[in-house]
2 protein chains.
Amino acid sequence: MKVIEKILESTAAGDAGKVVFSFEFFPPKTEDGVENLFERMERMVAHDPTFCDITWGAGGTTAELTLEIARRMQNMVCVETMMHLTCTNMPVEKIDHALETIKKDGIQNVLALRGDPPRGQDKFVQIQGGFACALDLVEHIRKSYGDYFGIAVAGYPEAHPEVIESNGLATPEAYEKDLAYLKRKVDAGADVIVTQLFYDIPSEITAALEPIKDNEEAVRAYGVHLGTEMCKKIMASGIKTLHLYTLNMEKSALAILTNLGLIEESKISRPLPWRRPTNLFRVKEDVRPIFWANRPKSYISRTIGWEQYPHGRWGDSSNASYGALTDHQFMRPRARDKKLQEEWVVPLKKFDDISEKFMKYCLGQLKTSPWSELDALQPETKIIDEQLASINLKGWGPAGGYVYQKAYVEFFCYEEKLKALVEKCKANPSLTFLAVNKEGNLLSNVGKNDVNAVTWGVFPAKEIIQPTVVDPSSFLIWKDEAFEIWSRGWAQFYPEDDSSRSLLQEVQKTSYLVSLVDNDYVNGNLFAVFKGF
Amino acid sequence: MKVIEKILESTAAGDAGKVVFSFEFFPPKTEDGVENLFERMERMVAHDPTFCDITWGAGGTTAELTLEIARRMQNMVCVETMMHLTCTNMPVEKIDHALETIKKDGIQNVLALRGDPPRGQDKFVQIQGGFACALDLVEHIRKSYGDYFGIAVAGYPEAHPEVIESNGLATPEAYEKDLAYLKRKVDAGADVIVTQLFYDIPSEITAALEPIKDNEEAVRAYGVHLGTEMCKKIMASGIKTLHLYTLNMEKSALAILTNLGLIEESKISRPLPWRRPTNLFRVKEDVRPIFWANRPKSYISRTIGWEQYPHGRWGDSSNASYGALTDHQFMRPRARDKKLQEEWVVPLKKFDDISEKFMKYCLGQLKTSPWSELDALQPETKIIDEQLASINLKGWGPAGGYVYQKAYVEFFCYEEKLKALVEKCKANPSLTFLAVNKEGNLLSNVGKNDVNAVTWGVFPAKEIIQPTVVDPSSFLIWKDEAFEIWSRGWAQFYPEDDSSRSLLQEVQKTSYLVSLVDNDYVNGNLFAVFKGF
């Protein structure tokens, strides 16, 4: 979606007083830096910024890195992404390569800039086959890509730095000329203006910093205070759009927004049980199988490129095919990998040692799980954990409505336990199950086209949404991934001849993956079935 | 859907013991007869026959009448329809005209027959450019229309009447030949065989009838008894498909099925709040605006020919355009028209006389309403009538699930009442409304794209269904029809200069049509808003 449309939507009639915000990031220099940035970004995006932008890394590899970061932001983090693009050292072919790449990746927003002079020079030079200024770039984007892109341009409240003189001011003529140029960029098709930084450094700030300058913590706190006060002034003048140059720092940015009352940790909202995609091609998507609930990135990567994403009903899209499993679905950020090894890769002597791991994870005593990409259990899981079978979650969706969930559990078990479960299901017709082993031997008491909605929401003046389903076809796709995690997510951390490793391989080979739904979400009690199990 | 598919579905694993039934009708000779037939058919179809068939009226106008009846059966009554088609006096162009007509009308089933000899002749004669036998017709249908049609053919348990000799029997050779011919029809593409009548008239029946022959009631009752016993014998032999030649009679057919335990008046089921369409083009349709809830035929006629019917979500089809209002939407069967005039076309002296009519209708004291095509209020309305704002209907949908309804009222009122209502809605954010007068002046507290699901159902191992919505765009289409009913459904029955007529025209000109939803279906109380109104 174009950033201008999001801003207009947010500031429309119903939300006249609402202030929106956005975050700017730059491409880190190291691989670890990139992973750290994404970890931070996940947490920051949970507060629902209007968009995030990533600056343009001029030059070969950095340019490719920017494209890759932008792709992940839009498709995996699922935040509306604006990519900077500059004319520095960019012949038109490179410009088009960048624009075509992000277009293909479902990104719709570009910040069109002239860019700084190349390193070691102090003046911007137009290269052969390149553009002289942002205006050229805006014109090129509109001419070659029509209305596809939302285009932002830079605005200079104090005139462009190059025309600011030694007294810190531009002449009135230079200022007017700068403003006229901005108008030409807008006339050429820009729809959003992001302003350059604008602030003084009055002496009282220097004075305040002097006594605390060796206390990093105190300097940070003062910075947050200063930032908060500046934002308050800006908002008091009627501006409803704050853009934070985060310098890839999470805490200061969030602290300022918290001080301003724009975000609140306890009020992080989830319009759906999973983060709604921003990729242009999947904005209408609103139904997913529950199996990947703890592995949303794996799900996105395996469903990328679908011609149509399920909207309203899952059944209509049941012919869609999943991408094959690749290494990609088993990769983890380094920090989580480390934590996972600490928690899970310990000597395993007997089957109960394995059960214990799952139990501790469910009780929140372990932070990680080989089967989850997430930092902790979803809030729904917590509620089920407390054995509330009939649930009215306040966990997701807009205000004033009701959300529901059929009690759902998924687990591995041995064939004899499965047989006992099948008998119990016969006695209780509200229970439906799917069970399959690694080889694909399937047992079930539902039809192969019986798609079961397991979460749904009813909101004022809205159609019913049913973001999560149990779908037998998807379950058979999921089982390959779920069984593969025994080896690639866990056993592989042990030496080849380790007995713990053999034990895990044994479980992988002999267990069944079971998906169990209690369809009586009003009077049912899913846990009753496990009594005396 | 093809009849064979419906039969296979009904007799599949889960329903192994289920006996299905169907009804045969013939084209009545008079216009009144046709209307009576449709009234009966509505009631009979409520018992969910697998299909109904209509015999072929050979010759000019009767042929057109058959086509028209078949069209109305499939599209308005919404029963799976099979049309008979015979070769008698039918050159291939006429055959194709008939087949193309029903194909266009979304009918998928044909009973292919040779037909009786033309009137006044005792032998069938193949006409120039026509077919000699049913086999020719089956071959032609498969050749020209591929797999589109389900084709039924006639089977003769006692051989074809033309080879039955004076002793009431066919020779074994004639019987074998007849059976071989049946096989050829099946090999040529027929997928269902409907048998000819087969029964003896033993002397005990004649004896039983003799003493009651002047008592019409007793003869009927004996007929029902006989029919029941014959069906029991047939069923005992393992046959699970009964086809009733109703001779357009409702009571005997339903009495036999009731005796057999195949139907039960109190168990008439509704898979959706409205009857699911059978027209091939709209079988996936499962969402409709609530406004036409009491005028389903008008709704069908105004939405006929849509390229896609809403499935799962209404919002996806919101660009669909409604057909213009024609005389068609204001036509009523003669019997209902008469009843309506008795109940509604009385002298009206003041506005309260009009309000009283609506009130009596809501209380069930009037059977008809100019705004309804139906015989009585829907069961949902009854529940609301008893002021249960939070409702768990058992009215529709399969077993083992839950259905919900947001409290909904639609009414006409004057501007001052509307203003009071708007104020009350401001105080109670769970209420959403749409109000519009004849000129199109719209007041509302929802967005123009805010589609509101007002009925929905949650069933085991199924996706959520939401068959009824309130859609602002459709409301504006509906208002023209709703206001037009003041004149064409009511006022027009009075003489031109009658003061009752002027009063109705005045109300039409000055009132607002209001649609009101209480979105809090759990704790709301829609009626509270009308206290002290």
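This is a predicted model, so every value here is computed, not measured.

### Structural notes on empty space enclosed by the protein
Where empty space is left can be seen by rolling a probe of water-molecule size over the atoms. Counting across every chain of the model gives three cavities of 30 Å³ or more. Forming the boundary of the largest cavity are Thr-432, Phe-433, Leu-434, Val-446, Asp-450, Asn-452, Val-470, Pro-472, Ser-515 and Val-517 of chain A together with Ala-461 of chain B. It is strand β11 (residues 431-437) of chain A that contributes the most residues to the lining of the largest cavity, three residues altogether.

### Section: the relation of the copies chain A and chain B
Here chain A sits on chain B after a turn of 179° about the axis and a move of 0.1 Å along it, with an RMSD of 0.2 Å. Considering both components of the superposition, the chain copies are consistent with a two-fold axis. Distance from the rotation axis, computed per C-alpha, reaches its smallest value in chain A at Gly-312 of chain A: 2.7 Å.

### Some thoughts on the domain arrangement of chain A
Buried accessible area, meaning the area lost when the parts come together, often serves as the stated size of an interface. All names here are of chain A. Assigned domains of chain A: these are domain 1 (3-201 + 239-260) and domain 2 (280-530). Centre-to-centre separation of domain 1 and domain 2, based on C-alpha positions: 39 Å. Counting residues at the interface gives 13 residues for domain 1 and eight residues for domain 2. For the domain 1 and domain 2 pair, buried surface summed over both sides reaches about 1000 Å², with 56% attributable to carbon and sulfur atoms. For the pair domain 1 and domain 2, the interface holds two salt bridges. Note that Arg-334 is salt-bridged to Asp-32, the shortest N-O span being 3.4 Å. The interface formed by domain 1 and domain 2 contains three residue pairs in polar contact (both at pLDDT 80 or more). The set of elements that each furnish at least two residues to the side of domain 1 that touches domain 2 consists of α2 (31-45), α3 (60-77) and α4 (92-104). Ranked by the residues each element gives to the side of domain 1 that touches domain 2, the list is headed by α2, at four residues.

### Describing the packing of helix α15 (residues 472-488) of chain A against helix α16 (residues 499-510) of chain A
Residue and element names in this part refer to chain A. In the contact formed by α15 and α16, the axes pass within 9 Å of each other and the chain directions differ by 170°. As judged from the angle between their axes, α15 and α16 are roughly antiparallel. Across the interface between the two elements, Phe-483, Glu-484, Trp-486 and Ser-487 from α15 touch Leu-504, Val-507 and Gln-508 from α16. Here the residues of the contact of α15 with α16 are counted per class, giving four nonpolar, two polar and one charged.

### Considerations on the sheet that holds strand β15 (residues 512-518) of chain B
Residue and element names in this part refer to chain B. Pairing is antiparallel across the open sheet formed by four strands, whose spatial order is β10-β15-β11-β12. Only two strands of the sheet have a single neighbouring strand rather than two, namely β10 (407-413) and β12 (442-444). With strand direction ignored, the average angle separating the axes of adjacent strands in the sheet is 10°. Note that β10 and β15 share seven bridges and pair antiparallel. Looking at the pairing, Tyr-408 lines up with Val-517 of β15. Set on the sheet, helix α14 (residues 415-427) makes contact with β10, β11 (431-437), β12 and β15; between it and β15 the angle comes to about 20°.

### Section: the pattern of salt bridges
All names here are of chain A. According to the stated counting rule, one finds 56 salt bridges over all chains in the structure shown. A salt bridge links Glu-68 to Arg-71, with the shortest nitrogen-to-oxygen separation between them at 3.0 Å. Here the residue Glu-68 and the residue Arg-71 both occupy positions in helix α3, the gap between them amounting to three residues, near one helical turn. On the basis of relative accessible area, Glu-68 is assigned to the partly exposed category, the value being 33%.

### Quick word on the pairing of strand β15 (residues 512-518) of chain A
Along any regular strand, the residues point their side chains to alternate faces of the sheet. Residues and elements named next belong to chain A. The element β15 is extensively covered by neighbouring structure, given that seven of its seven residues are classed as buried. Because side chains alternate across β15, one face comprises the buried residues Tyr-512, Val-514, Leu-516 and Asp-518, and the other comprises Leu-513, Ser-515 and Val-517, equally buried. Where β11 and β15 come together, seven bridges link them in antiparallel fashion. Looking across to β15, one finds that Thr-432 is bridged to Val-517.

### Remarks on the interface of chain A and chain B
Listed by partner, the interface residues are 33 residues for chain A and 33 residues for chain B. Put simply, Arg-313 of chain A and Asp-286 of chain B hold a salt bridge, and the shortest N to O gap is 2.9 Å. Summed over the shared surface of chain A and chain B, the result is 28 residue pairs in polar contact (both at pLDDT 80 or more). Of all the secondary structure elements, the ones that give two or more residues to the side of chain A that touches chain B are β9 (402-405), β13 (452-458) and β14 (465-470) of chain A. Residues of the side of chain A that touches chain B, tallied by class, amount to 16 nonpolar, eight polar and nine charged.

### With respect to the side chain of Asn-437 of chain A
Relative to the helices and strands, Asn-437 of chain A is located in strand β11. If sequence neighbours within four positions are ignored, Asn-437 of chain A has contacts with Lys-479, Phe-483, Ser-511 and Tyr-512 of chain A.

Conventions adopted
Residues numbered from 1 in each chain as written. Chains lettered and ligands numbered in written order. Predicted model: local features only at pLDDT ≥ 70, side-chain atom pairs only at ≥ 80, totals over all residues. Heavy atoms only, no water. 1 Å grid on protein atoms, 1.4 Å probe; cavity = no way out; pocket = protein on both sides within 12 Å on 5 of 7 lines; lining within 4 Å. Points joined across faces, edges and corners; volume = space filled by probe spheres on them. Helix = DSSP H or I, 4+ residues; strand = E, 2+ residues; numbered from the N terminus. Least-squares fit on C-alpha atoms with pLDDT ≥ 70 in both. Domains from an automatic or database assignment. Contact = heavy atoms within 4.5 Å. Buried area = accessible area lost by both parts, 1.4 Å probe. Salt bridge = Lys/Arg side-chain N within 4 Å of Asp/Glu carboxyl O. Polar contact = N/O pair within 3.5 Å; in protein donor to acceptor, adjacent residues only side chain to side chain. Axes fitted to C-alpha atoms, helices over the stretch in contact; angles between N-to-C directions. Parallel < 35°, antiparallel > 145°, perpendicular 65-115°, else oblique. Nonpolar A, V, L, I, M, F, W, Y, C, P; charged D, E, K, R; others polar. Pairing = 2+ DSSP bridges. Buried < 20%, exposed > 50% of the residue type's maximum accessible area, 1.4 Å probe, protein only.

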